[in-house]
Structure formats: structure tokens, C-alpha cells
Amino acid sequence: MSDSMKEVVETLDPVSRRLIPANIDSGTLVPLKTTLELRDNLTLGLAYITRAPTRYTNDIVTIARALAGDDAAKNLPHLRRCSKPVDLPPHLKSQFMNEGNGRSIHTGKSNWLYILLGPKDELPYDELLRGLASVDGIRDDIFIGIIPVPLLAPTSQVQANLWSQQFWQTVYRKNNPLGPHPSNICRTTSVVSRDASVWMTLAHQVARKARDTGLGEPIGAVIIKRTTPGKFDAAKNAAFKSERSNSNITQGSQGMVEAISSDVPANHNCHELGNNDAIDDAIGSDSSGPESEAKETTQIVALAGDARWYQQEKVGRTGNPMGHAALRAISMVAQKLVRTENRPDNKPAIMEFEAFQDGPLLNDEQVVFDAEHPCPDGYLCHDLELYLTHEPCVMCAMAILHSRMGRIVFRHRMPLTGGMSSEDRGYDACGDSIACDNGPCGGGRGLGLHWRKELNWSMLGWEWETETVERLTVDPHLHA
């Protein structure tokens, strides 16, 4: 074990130190892409433009905004509203120079500006024409042009420069409209990577034990709580919970940031609030004083292996879906929270078959289950981290979102059944040279459920790549 890994182990809780093996295998974290990031993000639309002397610019912009409304998308905020003739792309400059009085506008020192009015589909042409006719300086020679423009904001300065040369002057605002903020990913990756190998090694260990004992497939899950000194912890902050209840704010919305502080930067995408990472950026994660010198600590909350074959026959069956490792781990967290409330024990009825296999079945599971929850005031899995050997199926992926998990890391992708990856599902994902009984398997787009703007929760996710750990091979059609 390396010296850096020994330092990490020192920050772990006693239960974790008792369970982890002597050899911890290393790996690399690769951030998951969103479905929007993997699609063709150059989506073009048509927009109206006009030109006018500089002193009439405000009047024209007011007319355009009145027709487009307050919807930011209709106003194309990533595109410059006004452009000098000399700053137009060469093809537009050549085109507009020969229209109307364009030659006099483009020669010499011009006091004219080209003005972007808005998307063609959103602005009624007749109303736009009447509005421009009310402006004295251009009433006798109204110019309305139509140009293609990118409808989505650029994701880098290089892309913005390229679009400025091809379409219209474009602005990169140092955010990512298609996914998590780049700085958020970079900062959080550096935090998670310090001990990700520890938890992935432990997940592999429990997965092998589940397989060897016949409980289920070689799939394992570990849930941990990471505590950073000086970090804003919504789960423990009673004032925050009161503010959230009074304001009826749901985490995952932009309004949450506004409730915390009026000084929060406005460039945070609303889906960056799937965990507390964006809140850290907003209110500041650094604190001065002795507390900031304290070490970050992590504590294991739940450990579960797959148990789909427990009390099941394997022949002609797919196993008990409630025995999936991710569901069992989440349920164990819930039971710990109930236990801390000192509720009276309700003895379950004796049943021949128990569908919810959420009780500890392995010794390692029992050891973790007996330990108290490190943060019993939070909502289920809020601000916790999930480490899995395999990409969770769609059912488990949605359960993870509903539990308000903070982050997720997994090793093996499941192209046919996984719910977190966004890549398209290839038709050769099965890896079998013989066609499946139901025809070619695969096809379709990845779901990328970890970050979908249609959902009210999102979180950062990574794939853990390693060459030193034994692959836990399962049927590619298996729902993990």
C-alpha cells in the first residue's frame, strides 16, 4: 500500500478499516457524459437581423424584446445582440454589402450596426415589420435579413470563436448548458479520486462473496458519507431545512441557490444542484481558521452484494429484482435512519418468501449494518456517494435518483440494460457471434439518467477504469 493510500486509510472509520483488504487496487475516474453532450450540439435555426444607425439601436432592441418576451432562449443570450459591419463573418459581409444601401454602410467609418432580432419562428414577420417602421431612422429603408445561427450556447471558447467566424458573434460564458459545470467536475473528481479505489475494492470484495455463496451475481454496492470540514451540509443545517420548507424549494432548482444567498453567481446551471457541489461553489467551501486544517473523513453507511438468487431457482428465471445490490444498499440506509428514530420494533410476519431482501445476508453486510448512521438527520441518501461494480439497471438508476444520492461511481458498463451511460447502445453490445433468440440485441440511445434536465434531480457520475482488478463478468443481458 502506497504512502498516499495509507494517509487515506487513516481518515476512514473503524468499520471501513476492518473490512478493506490489505491490497487496494488503483483506478482512474472518467466523468460520465450527458445525453446532451453526446448529441450533435450544433443545432441551427434561422434568425432575423436588421441594421440601423447606432443611435437607434436601443429602440430596435426594445421592439425585438417586446415581441420575443422574457424567455431567455428566444433572446439567444449566447449571441451578441449588435455587431459592427467589419465584425461580420466574411460571407455575411459580402451578402449584405450588395443589398440596399449596404455598400455605403460597409465602406469607410460607419456608424451603423447590425442587430440580431431573434429566432425567425418566434417573431411574427408582420408585427416585426410594423415595429421597425415606427423607428424614424430606418422607416424609409427597412432591412430585414435571415441568417442561420446556433440555438445552443457553446461549451468552450474555441467553439465560440469558430461559430463567430461561421455564423454570428458568439459568447462563451464559462458554463456548460449541456451538463455539469466543467470546474465542478474537475474539483469534485479530485476529491472523489483520493479514495475511490478503496470503495471500489470493497465493492468488488462483497460482489465476489455474493457470487461464491450463491446469493446472486458478482455485483456489489457501497454507500459512504463524506465529511469535509467547513463544508455547507444541508442535511445537518436546521436553518437550511427551515428555509427550504418555508420557501417550498426543491433541491435541483435554481431557486435553491437564491434562497441560500443573494450573492450566488448566476452562471450555475440548475442541474448542478443534484448534490452540494454547486452549493459549495456558490457560498464558498473554504473556511479560515483551525477548522479548515482538519482532514476530510469518510464513513461507510451501507454495504450490499447482489441477492437476486436468494431463495430462488436459477433455471428459467431472472432472479428477484428487489435483490439488486443498489436497491439493497439504499434500503439498508433507510433502515438505519428508522433505527435512529427509536421507533418500536415491528416484528415482521413469517413468510415463506420475502421479496425485499434488504436485510444483511453476509457477515460484512452485518458489520456495516450494525454501525450507526453518521448523519441521521438527512433525507435518505442525500449527499451520500454510491460505488458499484456494474452500471445499475434502469429500475435501480431511478431508485438512486429518488433516494437523492449525491454521486455515483461504477466500473463495468452494461450497454444493453444500464441506465446511467449516455452513449448509444450498439447492436454488437452482446458480444456474442451468434444472434440472440429474439434477434439482434442492442440499438437505441443511452438514457444518461444521472443528468437529465427533464428530471428533478441530477448528480455527478464517473466510470472507474482499471486494469489490475479481476473483471466480474456477467451476462450482458443482465439487469444489474
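Structure shown above.
Just so we're clear, the structure is a prediction, and the values are computed from it rather than from any experiment.

The rules behind these values
Residues numbered from 1 in each chain as written. Predicted model: local features only at pLDDT ≥ 70, side-chain atom pairs only at ≥ 80, totals over all residues. Heavy atoms only, no water. Salt bridge = Lys/Arg side-chain N within 4 Å of Asp/Glu carboxyl O. Helix = DSSP H or I, 4+ residues; strand = E, 2+ residues; numbered from the N terminus. Buried < 20%, exposed > 50% of the residue type's maximum accessible area, 1.4 Å probe, protein only. Expected span 1.5 Å × (residues − 1). Pairing = 2+ DSSP bridges. Contact = heavy atoms within 4.5 Å. Arc of directions from axis to C-beta. Phe/Tyr/Trp six-rings, centres within 6.5 Å; stacked < 30°, edge-to-face > 60°.

### Description of the pattern of salt bridges
Enumeration according to the criterion identifies 15 salt bridges in this entry. With a shortest N-O distance of 3.2 Å, Arg194 and Glu296 are connected by a salt bridge. Taken together, the residues span a long stretch of sequence, with Arg194 in the loop between α9 (182-192) and α10 (196-212) and Glu296 in the loop between α13 (277-283) and β7 (297-305) at a distance of 102 residues. For Glu296, a relative accessible area of 17% translates into the label buried. With its nearest N and O atoms 3.8 Å apart, the salt bridge here joins Glu470 to Arg211. Taken as a pair, Glu470 in the segment after β10 (460-465) and Arg211 in helix α10 lie far apart in primary sequence, 259 residues in all.

### Side note on α10
Counted at 1.5 Å a residue, the expected span for α10 with its 17 residues is 24 Å, and the 24 Å between its end C-alpha atoms agrees. Among the 17 residues in α10, 13 count as buried, and that is most of the element. Immediately downstream of α10, the backbone of Gly214 shows phi near 80 degrees, a positive value.

### Some thoughts on the sheet that holds strand β3 (residues 82-83)
Taken in spatial order, the four strands make up an open sheet running β3-β4-β2-β5, and their pairing is antiparallel. The strands lining the two open edges of the sheet, one partner per strand, are β3 and β5 (145-150).

### Quick look at the environment of Val394
Mapped onto the elements, Val394 comes out in helix α16 (residues 394-402). For Val394, a relative accessible area of 34% translates into the label partly exposed. When the C-alpha positions of Val394 and Leu447 are compared, they lie 8.4 Å apart, and in sequence the two are 53 residues distant. Setting aside its immediate chain neighbours within four residues, Val394 contacts Thr417, Gly418, Gly419, Leu447 and Leu449.

### Section: the pairing of β7
It is a general feature of regular strands that their side chains alternate between the two faces of the sheet. The buried fraction of β7 amounts to seven of the nine residues, a majority that puts the element mostly inside the structure. Pairing of strand β6 (residues 220-227) with β7 involves eight bridges; the strand directions are antiparallel. Bridge pairing in β7 places Val222 opposite Leu303.

### Comments concerning helix α4 (residues 57-68)
Every α-helix carries 3.6 residues per turn, so stepping three or four residues along brings you back to the same face. Taking 1.5 Å of rise per residue, the 12 residues of α4 would be expected to cover 16 Å, and the 16 Å separating its terminal C-alpha atoms lies within 8% of that figure. Regarding α4, the residues found buried are Thr57, Ile60, Val61, Ile63, Ala64 and Ala68. Buried positions in α4, seen along its axis, are confined to an arc of 160 degrees and lie on one side of it. Across from the buried face of α4, at angles greater than 90 degrees, the exposed residues are Asn58, Thr62, Arg65 and Ala66. On the buried face of α4, the contacting elements are β2 (44-53), β3, β4 (112-119) and α7 (125-133).

### What about the packing of aromatic side chains?
Taken as a whole and assessed by the stated rule, the structure comprises four aromatic pairs. Between Phe96 and Phe143, the ring centres sit 5.4 Å apart and the planes meet at 75 degrees, which makes this aromatic pair edge-to-face. Taken together, the residues span a long stretch of sequence, with Phe96 in helix α5 (residues 90-97) and Phe143 in the loop between α7 and β5 at a distance of 47 residues. Assigned by exposure class, Phe96 and Phe143 land together as buried. Between the aromatic rings of Tyr114 and Phe143, the centroid separation amounts to 6.2 Å while the plane-to-plane angle is 85 degrees, which identifies the pairing as edge-to-face. Note that Tyr114 is positioned in strand β4 and Phe143 in the loop between α7 and β5, a separation of 29 residues in sequence. Take Phe143: its relative accessible area is 7%, and that puts it in the buried class. Through pairs of rings, three or more aromatic residues link up here, namely Phe96, Tyr114 and Phe143.

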